[in-house]
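Residue-level structural notes
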Amino acid sequence: MDDVVLLSRIQFAVTAAFHFIFVPLTLGLSWLIAYMEWRYVKTGDEMYLRMTKFWGKLFLINFALGVVTGITLEFQFGMNWAEYSKYVGDIFGSLLAIEATVAFFLESTFIGVWIFGWNRISKKLHAWCITIVAFATNMSALWILLANGWMQKPVGYVLRNGRAEMVDFWALVTNSYGWTKFLHTLTSAYILGAFFVMAIAAYHILKKSNVRLFKVSFRYAAVLALASSLLVLGSGDFHGVEIAKVQPTKFAAMESHWETKKGAGYPLIVVPDPDNERNAIEAVTIPNMLSLLAFHDPNAEVKGLRDFPKEDRPPVMITFLSFRLMVAMGMFFILVSLAAVYLSMRDKLEANPWFLKLMLYSLPIPYIGVQIGWIVAEVGRQPWAVYGVLRTADGVSKSVEPIQVIMSLIGFTLLYGTLAVIDFYLLKKYAKKGPDEDLTEFVKMTRV
Amino acid sequence: MEYQIIWFVLWAVLWAVYFMLDGFDFGVAMIQPFVAKSDAERRVVLNSIGPVWDGNEVWLITAGGATFAAFPTAYALMFSYMYTAMLLILFALIVRGVSLDFRGKGDGERWKSAWDRAFVVSSFLPSLLFGVAFGNIFRGLPMDAAGYHGNLLSLLNPYGLLTGVLFVLLFAVHGGLYLAIRTKGDIMVRSQNLAMKLWFPLFGIAVAFLVATAFATKLYDNYLSAPVLIVIPVIAVAALLAVGHFARRNESFKAFSASCVTIVMVVFTGVAGLFPNLIPSTLDPLYSLTIFNSSSSVYTLRIMTVVALIFVPIVIAYQIWVYRIFSERLSAEEIAGDKHAY
């Protein structure tokens, strides 16, 4: 049984993390492409069409994997987490079903029209299609994050008939935790989308190919990156306050905070020592800062991990390190986006090739950022699947044997590994190739 | 009417519509090696489902999600008991989606033929396994207080396999008729002919299925106690006969429509026999999962009913719109010159 729990957790982590390589780019890039296509509709300038089609191709390569790896997550709740599914299906299952009905249908249907409809519907309607896709993917994220938000902060339910039953749908839909998380996740996904565009645009500007097209792309992305990185900080601050309130163990693990204190300070340098329930090193402490961050009140009391029984605490080291790294990256995004907006607005990008190179090589950073963000959220929630209600270990399927999960884990690793290599190869190929040079024939084919 | 019953019907409808729609996606893939002889023709097959397969697949996500939401216990046990079968379906669906998308984006013949093969296998496997899974649901699973007493091999019992073969043939004929109405030229003729030829074994297997059902399952008990239900299998058989009739006269659109009805009615035939079970226990009826002992709370079912009543018709409306936009027949000649399709 313990083996099945551990293996199923690893499998969930692998498949969810893999899925979330593709999702954030879809969330952010779809809006940028929609904007580009509307520019084409408004101006009739073929450059915008080439731009739309170039980023659209990369979008689709990425989108395909996002869709197919999403099915895994739905199936997996039943396959590996049958007890969890029975216990919370009344609530969690409903949110997933609503997601499929109101959002995923919309997204999957209109992406088909967008890919194949260039010569079958009007330009305007075609631009609407990608706009609907962008809206629908964001709606999808909302419902999924409301479902996840419920696991973090369960609301609107009672424990009855040996399970959690929904009693207040409105409370689920308005769960503040889900909404802050939605904002935080969405804006971080926009950062990723924007950095993706800036990195590839930087590559082409450095190579002096299609400079006008890529400078415009860069500018759009820079603006999105700046706005989003500020919103990520803001929503992250809000989110932190809520975590401190409703998930004190997660908050304490994020900060490696062991002793309950009023007016707690924030040590900039921390080396946790979880074995001895303390920090080996704490230095450069900003007085009262932790209380301020946690409760927006410099004198508030911040609970330490030692106040909680050991079996209720999440793993400290990984939660703490992920959180610190995430915050550092957040600061990096703001600084770099500021520079990106300034340089692209003043048309100084080509004069600063070092900055373009920085943008190119920064591409992995937002990808790492969104992954460790999820590590903070999910590892930090442990040992609970539903915070305070159901332990992860109690959610696993009873009928599944370790060997089955070993085989499926190996299968997922091989399949996903192969797909990742192919996807990376294709993205690189088309990113390097650049936009189609001449779309005159294509434009003739499309309808007005 | 009780909400459990409403959701039982909706559950059946969602799965039936899923098989009706993704059924032809699987079908065109399975017959692709026989009807498409050149690269351009293979692209015709891909592009015939290109704009719609993704939207069709969401019916599966929704059917799965609805099972999760309305009957969480049945969802949990169905997926965990049939772990390996579900896993294989999952892998196949992943490869299927990717092969559609990636085939045209790489270079060289080997790249293309590798994805072509992947496309065929990854469509055959779920067709067979969904059939096996539903055959076993109709038959019941060996479960009692101690849990589940089966494995992948016990799912592959004769009745399960027969249902699997039935699904494969149903989808292959369905796909052939779909290509017959969505393409022109040689590929259309070949698809028509193949659908017509495959109809005979399909009819044989369908009869065998109806007979075997009497021995391997308790589905017909419901038909004995409520004889009016017999309309469902009668429509299924009539529709299947109509498929053969119209296919022989090259009235492909009518044949395809009849094939849609057949698939839906085959699912309904089984599900009507299941009621009120979702998964019967072959060991002890006490441990059968019924719509009453495995359902969500009535509150949740009510919320879900409102959501379904508002949004499912909207989905159907815009999906019909999409099918109308892409109703033009495709030909190998035109596809060969179109670099912007699959």
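Residues numbered from 1 in each chain as written. Chains lettered and ligands numbered in written order. Predicted model: local features only at pLDDT ≥ 70, side-chain atom pairs only at ≥ 80, totals over all residues. Heavy atoms only, no water.

Focus on the overall build of chain A
- The helix and strand tally for chain A stands at 14 helices and eight strands.
- Against the globule reference of 22 Å for 448 residues, chain A gives a C-alpha radius of gyration of 23 Å, in line with a compact fold.
- Overall, the C-alpha framework of chain A stretches about 70 × 50 × 40 Å when taken along its three principal axes.
- Within chain A, the proportion of its 448 residues that are buried is 62%.
- Considering only contacts within chain A whose residues lie at least 6 apart along the sequence, 79% involve residues at least 24 apart.
- Only carbon and sulfur atoms are counted for the fraction: they give 66% of the accessible area of chain A, which is about 17300 Å².
- Between the centroid of the 41 positive side chains of chain A and the centroid of its 35 negative side chains there is a distance of 9 Å. (Helix = DSSP H or I, 4+ residues; strand = E, 2+ residues; numbered from the N terminus. Rg over C-alpha atoms; globule rule 2.2 N^0.38 Å. Buried < 20%, exposed > 50% of the residue type's maximum accessible area, 1.4 Å probe, protein only. Contact = heavy atoms within 4.5 Å. Areas by Shrake-Rupley, 256 points an atom, 1.4 Å probe, with all protein chains shown as cover. Lys, Arg positive; Asp, Glu negative; His and termini not counted. Charge placed at Lys NZ, Arg CZ, Asp CG, Glu CD.)

Here's the deal with the pattern of salt bridges
- One pass over the structure, following the stated rule, counts 30 salt bridges over all chains.
- The partner of glutamate 83 of chain A in a salt bridge is lysine 86 of chain A, with the nearest N and O atoms 3.3 Å apart. Residue glutamate 83 of chain A and its partner lysine 86 of chain A are both found in helix H3 (residues 82–116); the two are separated by three residues, about one turn of the helix.
- A residue is classified by how much of its surface remains accessible, and glutamate 83 of chain A, at 16% relative accessible area, is buried.
- One network of salt bridges, with partners in common, ties together Asp39, Arg42, Arg103, Lys112 and Asp116 of chain B. (Salt bridge = Lys/Arg side-chain N within 4 Å of Asp/Glu carboxyl O.)

Overview of the confidence of the model for chain B
- Looking at chain B as a whole, its pLDDT mean stands at 94, while 99% of the residues score no less than 70.
- Taking the mean pLDDT of every element in chain B, the minimum, 82, falls on helix H14 (residues 332–336) of chain B and the maximum, 97, on helix H8 (residues 158–182) of chain B. (pLDDT = per-residue confidence, 0-100.)

Details of a nonpolar patch on the surface
Residue and element names in this part refer to chain A.
- Side chains of Leu268, Ile269, Val271, Ile281, Val284 and Ile286 sit close together on the surface and give an oily, nonpolar patch of about 470 Å² of accessible area.
- Sorting the residues of the nonpolar patch by element identifies strand E4 (266–273) and strand E5 (278–286) as the ones contributing at least two each.
- With respect to the helices and strands, isoleucine 269 occurs in strand E4.
- Looking at isoleucine 269, the relative accessible area reads 44%, which means it is partly exposed. (Patch = residues over 30% accessible without salt bridge, like charges linked within 9 Å, V, L, I, M, F, W, Y side chains within 5 Å.)

Regarding the pairing of strand E2 (residues 163–166) of chain A
Residues and elements named next belong to chain A.
- Here E2 shows a buried face lined by Arg163 and Glu165 and a second buried face lined by Ala164 and Met166.
- For strand E1 (residues 157–160) and E2, the ladder comprises four bridges, and the chain directions are antiparallel. Its bridge partner being in E2, leucine 159 is matched across the sheet by alanine 164.
- Counting the residues that bridge the hairpin from E1 to E2 gives two residues, and of these asparagine 161 lies at a positive phi of roughly 55°. (Pairing = 2+ DSSP bridges.)

Considerations on helix H13 (residues 402–433) of chain A
- The end-to-end C-alpha distance of H13 of chain A is 46 Å, a good match for the 46 Å that 32 residues give at a rise of 1.5 Å each.
- Among the residues trailing H13 of chain A, glycine 434 of chain A stands out with phi positive, at a value near 80°. (Expected span 1.5 Å × (residues − 1).)

Notes on the packing of aromatic side chains
- Summed over all chains, the structure comprises 57 aromatic pairs over all chains.
- Between phenylalanine 8 of chain B and tryptophan 11 of chain B, the aromatic rings sit 6.1 Å apart at their centres with planes inclined by 20°, giving stacked as the arrangement. On the criterion of helical spacing, the pair formed by phenylalanine 8 of chain B and tryptophan 11 of chain B is a turn pair, its members being three residues apart in helix H1 (residues 3–35).
- On the basis of relative accessibility, which here comes to 6%, the residue phenylalanine 8 of chain B falls in the buried class.
- Here tryptophan 11 of chain B falls in the buried class, since its relative accessible area comes to 2%.
- Between tryptophan 199 of chain B and phenylalanine 200 of chain B, the ring centres sit 5.3 Å apart and the planes meet at 85°, which makes this aromatic pair edge-to-face.
- Here the aromatic cluster, defined as three or more aromatic residues joined through ring pairs, consists of Trp15, Tyr18, Phe19, Phe26, Phe130, Phe134, Phe138, Phe167 and Phe171 of chain B.
- The ring of tryptophan 384 of chain A carries the charged tip of arginine 391 of chain A above its face, separated from the ring centre by 4.3 Å. (Phe/Tyr/Trp six-rings, centres within 6.5 Å; stacked < 30°, edge-to-face > 60°. Lys NZ or Arg CZ within 6 Å of the ring centre and 35° of its normal.)

Looking at the side chain of threonine 101 of chain A
- Along the polypeptide, threonine 101 of chain A turns up in helix H3.
- Among the polar contacts made by the side chain of threonine 101 of chain A, one reaches the main-chain carbonyl oxygen of alanine 97 of chain A at a distance of 2.6 Å.
- Look past the residues within four positions of threonine 101 of chain A in its chain and what remains in contact with it is Thr62, Phe311, Val312 and Val315 of chain B. (Polar contact = N/O pair within 3.5 Å; in protein donor to acceptor, adjacent residues only side chain to side chain.)

Concerning unusual backbone geometry
- Backbone torsion omega between glutamine 382 of chain A and proline 383 of chain A reads 5°, so that peptide bond is classified as cis.
- In the segment running from phenylalanine 275 of chain B into proline 276 of chain B, the intervening peptide bond is cis, with an omega of 0°.
- Checked against the element boundaries, proline 276 of chain B lands in the loop between helix H12 (252–274) and strand E3 (277–279).
- The phi dihedral of lysine 208 of chain A is positive, around 60°, even though this residue is not glycine.
- Here lysine 208 of chain A lies in the loop between helix H6 (176–206) and helix H7 (211–246).
- The class of lysine 208 of chain A is exposed, set by a relative accessible area of 62%.
- In this structure, valine 284 of chain A is a non-glycine residue whose phi angle is positive, near 50°.
- By secondary structure assignment, the location of valine 284 of chain A is in strand E5.

Structural notes on the interface of chain B and chain A
- With 67 residues of chain B at the interface, the matching set in chain A holds 73 residues.
- Buried area between chain B and chain A, summed over both chains or domains, comes out near 6000 Å², and the portion from carbon and sulfur atoms is 75%.
- If you look at where chain B meets chain A, you find two salt bridges.
- Of the charged contacts, one joins lysine 429 of chain A and aspartate 107 of chain B as a salt bridge, the two residues approaching to 3.0 Å between their closest N and O atoms.
- Counting only elements with at least two residues in the side of chain B that touches chain A, the list comes to helix H3 (53–70), helix H4 (72–81), helix H5 (83–102), helix H6 (109–139) and helix H13 (298–325) of chain B.
- No other element matches the 14 residues that H5 of chain B contributes to the side of chain B that touches chain A. (Buried area = accessible area lost by both parts, 1.4 Å probe.)

Side note on the packing of helix H11 (residues 231–248) of chain B against H12 of chain B
Residues and elements named next belong to chain B.
- Interaxial distance between H11 and H12 falls to 8 Å at its minimum, and their mutual angle equals 155°. When the interaxial angle is binned, H11 and H12 end up roughly antiparallel. The interaxial crossing formed by H11 with H12 has left-handed handedness. In this structure, H11 contributes Ile232, Pro233, Ile235, Ala236, Ala239, Leu240, Ala242, Val243, Phe246 and Ala247 to the contact, and H12 contributes Lys254, Ala255, Ala258, Ser259, Val261, Thr262, Met265, Val266, Phe268, Thr269 and Ala272. (Axes fitted to C-alpha atoms, helices over the stretch in contact; angles between N-to-C directions. Parallel < 35°, antiparallel > 145°, perpendicular 65-115°, else oblique. Left-handed = near helix turned anticlockwise from the far one by under 90°.)

Some words on the nonpolar core
- Counting residues in hydrophobic clusters, the biggest one holds 264 residues, and the most contacted among them are Trp55, Tyr84 and Phe218 of chain A together with Phe19 and Phe102 of chain B.
- When residues in this core are grouped by element, the largest group, 21 residues, is from H3 of chain A.
- Leaving out residues up to four positions away in the same chain, phenylalanine 102 of chain B has contacts with Ile61, Ala64, Leu65, Ile422, Asp423 and Leu426 of chain A together with Trp111 and Trp115 of chain B.
- Core analysis: the second largest hydrophobic core is formed by twelve residues, Tyr177, Ala244, Ala294 and Val302 of chain A among them. (Core = buried A, V, L, I, M, F, W, Y, C linked by side-chain atoms within 4.5 Å.)

A word on the environment of tryptophan 31 of chain A
Residue and element names in this part refer to chain A.
- Its place among the elements puts tryptophan 31 in helix H1 (residues 2–43).
- For tryptophan 31, a relative accessible area of 31% translates into the label partly exposed.
- If near-sequence neighbours (up to four positions away) are discounted, tryptophan 31 is found in contact with Thr131, Ala134, Phe135, Asn138 and Tyr190.
- A polar contact of 3.1 Å, which involves the side chain of tryptophan 31, links it to the side chain of tyrosine 190.

Quick notes on the pairing of E4 of chain A
Residues and elements named next belong to chain A.
- The sheet contact formed by E4 and E5 spans seven bridges and is antiparallel. Counted as the bridge partner of proline 267 is threonine 285 from E5.
- Between the end of E4 and the start of E5, which pair antiparallel, lie four residues, with glutamate 277 showing a positive phi angle near 55°.

Examining the packing of helix H2 (residues 39–49) of chain B against helix H9 (residues 186–216) of chain B
All names here are of chain B.
- Direction vectors running N to C along H2 and H9 enclose 65°, while the axes themselves pass 11 Å from each other. With respect to H9, the axis of H2 lies roughly perpendicular. Read as a crossing pair, H2 and H9 show a hand that is right-handed. Contact with H2, carried on its side by Glu41, Val44 and Val45, involves Asp186, Ile187 and Arg190 of H9 and no other residues of that element.
- Among the residues forming the contact of H2 with H9, the class breakdown is three nonpolar, no polar and three charged. (Nonpolar A, V, L, I, M, F, W, Y, C, P; charged D, E, K, R; others polar.)

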